[in-house]
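# Breakdown of the fold
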Amino acid sequence: MQALEKIKSGNFELSENEIIDLLNIDTQSREFYELLSVSNALSRRKFGNRGYVFTQIGINAEPCPINCRFCSMGAAHYSLDSQWEKTADEICSQLSWLQESYFDDFFLMTTADYPQDKFISIGKAVKPLLRKDQKLVANIGDFDLDTAFKLKEAGFTGAYHINRLREGVDTLADPKDREETLRAIQNAGLELYYCIEPIGPEHSYEELTVEILRARELHIGVMAAMRRVAVKGTPLYDRGQISALELTKIVAVTNIVVNPSRAMNVHEPVQVALLAGVNQLYAEVGANPRDTDSHTEQNRGFNPAAAWKMLEEFDFYQPG
């Protein structure tokens, strides 16, 4: 395969068709393992075996009007076992507990309609609890440049935001609004965290390539690929989910093409994907759109110690 030979030679400037060719590699083939080897070697050179664990608190479990057809919190198919909203004091208490373990960036996540002024005030409350080297990251609905600057003033250093696969089809979000938010994040000087998600069996490699190329153009420092979890009760449940091997292949291609400067993530944590050079994992607390337990730390969510254990099995280490 010409594209595979190209990246084996160290040339990662791939065209759209070459990216699609790599995504078409059979996961049962020798070429699959050659692809993983290239991606892993790239990560080892870039990251020097430095691992990262990011921690996220989902601060409200409530019906969301964006109605993503893969999300347990969609208002039309709410599938979580309860509804609640954490207070700032509860979030600070939970963060203090999390700080007993080492982790890097700290994320606060809400449903798309959560009041942004309230979110910013919570950010101000938790900021003093973070180490100086810990980044504070927002994972919220769409927002404009003015809000982006307010987030920065409150102590947020970045935001997780993406144009999801089949945005506007499997969600009620407007792709134009998503793109405007991406621009606002970068224009305000916030770090943009990006991901190819939520990948399901029905998504074509052409669709994935559109978002991989978008991430390359955005010069992402922290990149990820995430498969859609088949959450019982959601409209896309019956479509199932891709295999761990398929996700690992997508991770490898994404890492090679986007070439993130700081970290490559797979979500949710999948051990085999670390063979493709993944050096960052998430620990999650509270509401999780891929879970039916509204306290995901009791079910799907990793804690920081479990995430570090997985990374260390592949010789990725925390600093110090």
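Keep in mind it's a predicted model, so treat the numbers as computed, not measured.

## Digging into the overall build of the chain
A tally of helices and strands in the chain yields 10 helices and 10 strands. A compact globule built from 320 residues should have a C-alpha radius of gyration of about 20 Å, and the chain, at 19 Å, falls within 12% of that. In the chain, buried positions account for 58% of the 320 residues. Intrachain contacts of the chain at a sequence separation of at least 6 include 72% that bridge at least 24 residues. For the chain, the exposed surface amounts to about 12,800 Å²; the carbon and sulfur share of it is 47%. If the 33 positive side-chain charges of the chain are averaged to one point and the 46 negative ones to another, these points end up 3 Å apart.

## Observations regarding the pairing of strand 7 (residues 191–199)
Taking burial as the measure, the nine residues of strand 7 include nine buried ones, the bulk of the element. By the bridge criterion, three bridges tie strand 6 (residues 158–160) to strand 7 in an arrangement that is parallel. Bridge pairing in strand 7 places Tyr 160 opposite Tyr 193. For the segment spanning strand 6, helix 7 (residues 175–187) and strand 7, crossover handedness is right-handed. Relative to strand 8 (residues 222–227), strand 7 runs parallel, the two being bridged by five bridges.

## Concerning the pattern of salt bridges
Inspection of every chain in the model, using the stated rule, returns 24 salt bridges. In this structure, the salt-bridge partner of Glu 5 is Lys 8, at a minimum N-O distance of 3.3 Å. With Glu 5 and Lys 8 both in helix 1 (residues 2–8) and three residues apart, the pair spans about one turn of that helix. Here Glu 5 falls in the partly exposed class, since its relative accessible area comes to 45%.

## Thoughts on helix 9 (residues 244–258)
Along an α-helix, a turn takes 3.6 residues, which lines up residues three or four apart on a common side. Spanning 15 residues, helix 9 covers 21 Å between terminal C-alpha atoms, matching the ideal 21 Å at 1.5 Å per step. By the criterion of burial, helix 9 is predominantly enclosed, with 13 of the 15 residues buried. Once helix 9 finishes, Asn 259 follows within two positions and takes phi at roughly 55°, a positive value.

## Digging into helix 4 (residues 88–98)
Residues of helix 4 that are buried: Ile 91, Cys 92, Gln 94, Leu 95 and Leu 98. All buried residues of helix 4 project into a common sector of 165° when viewed along the axis, lining one side. The elements touched by buried residues of helix 4 are strand 1 (52–58), strand 4 (106–109), helix 5 (116–126), strand 10 (280–286) and helix 10 (304–313).

## Focus: the packing of helix 2 (residues 16–23) against helix 9
Their axes nearest at 9 Å, the elements helix 2 and helix 9 cross at an angle of 150°. Looking at the two axes, helix 2 sits roughly antiparallel to helix 9. The way helix 2 lies across helix 9 gives a crossing that is right-handed. The segment helix 2 lies against helix 9, with Ile 19, Leu 22 and Leu 23 engaging Lys 249, Ile 250, Val 253 and Val 257.

## Remarks on the environment of Pro 65
If you trace the backbone, Pro 65 turns up in the loop between strand 2 (60–61) and strand 3 (84–85). Residues Pro 65 and Thr 111, 46 residues apart in the sequence, show an inter-C-alpha distance of 8.6 Å. Discounting residues that sit within four places of it in the chain, Pro 65 has contacts with Ala 75, Asp 113 and Leu 172.

## Details of the side chain of Ser 39
Residue placement: Ser 39 occurs in helix 3 (residues 30–47). Overall, Ser 39 belongs to the buried group, its relative accessible area being 0%. Within the local environment of Ser 39, its side chain forms a polar contact with the side chain of Asn 255, the two groups lying 2.9 Å apart. Discounting chain neighbours no more than four positions away, the residues touching Ser 39 are Ala 252, Asn 255, Ile 256, Ala 276 and Gly 277.

## Overview of the pairing of strand 1
Two faces, one strand: in a regular strand the side chains alternate between the faces of the sheet. Across the seven residues of strand 1, seven count as buried, placing the element largely inside the fold. As paired elements, strand 1 and strand 10 share seven bridges and run parallel to each other. Pairing of Phe 54 across the sheet is with Tyr 282, part of strand 10.

## Quick word on the side chain of Glu 284
Residue position: Glu 284 is located in strand 10. We classify Glu 284 as buried; its relative accessible area is 4%. Engagement of the side chain of Glu 284 in a polar contact is seen with the side chain of His 267, the distance being 3.1 Å. At 2.8 Å, the side chain of Glu 284 forms a polar contact with the side chain of Arg 290.

Cut-offs and rules
- Residues numbered from 1 in each chain as written.
- Predicted model: local features only at pLDDT ≥ 70, side-chain atom pairs only at ≥ 80, totals over all residues.
- Heavy atoms only, no water.
- Helix = DSSP H or I, 4+ residues; strand = E, 2+ residues; numbered from the N terminus.
- Rg over C-alpha atoms; globule rule 2.2 N^0.38 Å.
- Buried < 20%, exposed > 50% of the residue type's maximum accessible area, 1.4 Å probe, protein only.
- Contact = heavy atoms within 4.5 Å.
- Areas by Shrake-Rupley, 256 points an atom, 1.4 Å probe, with all protein chains shown as cover.
- Lys, Arg positive; Asp, Glu negative; His and termini not counted.
- Charge placed at Lys NZ, Arg CZ, Asp CG, Glu CD.
- Pairing = 2+ DSSP bridges.
- Right-handed = clockwise from strand over helix to strand, strands pointing away.
- Salt bridge = Lys/Arg side-chain N within 4 Å of Asp/Glu carboxyl O.
- Expected span 1.5 Å × (residues − 1).
- Arc of directions from axis to C-beta.
- Axes fitted to C-alpha atoms, helices over the stretch in contact; angles between N-to-C directions.
- Parallel < 35°, antiparallel > 145°, perpendicular 65-115°, else oblique.
- Left-handed = near helix turned anticlockwise from the far one by under 90°.
- Polar contact = N/O pair within 3.5 Å; in protein donor to acceptor, adjacent residues only side chain to side chain.

Note that all results are geometric; they support no functional claim without further evidence.
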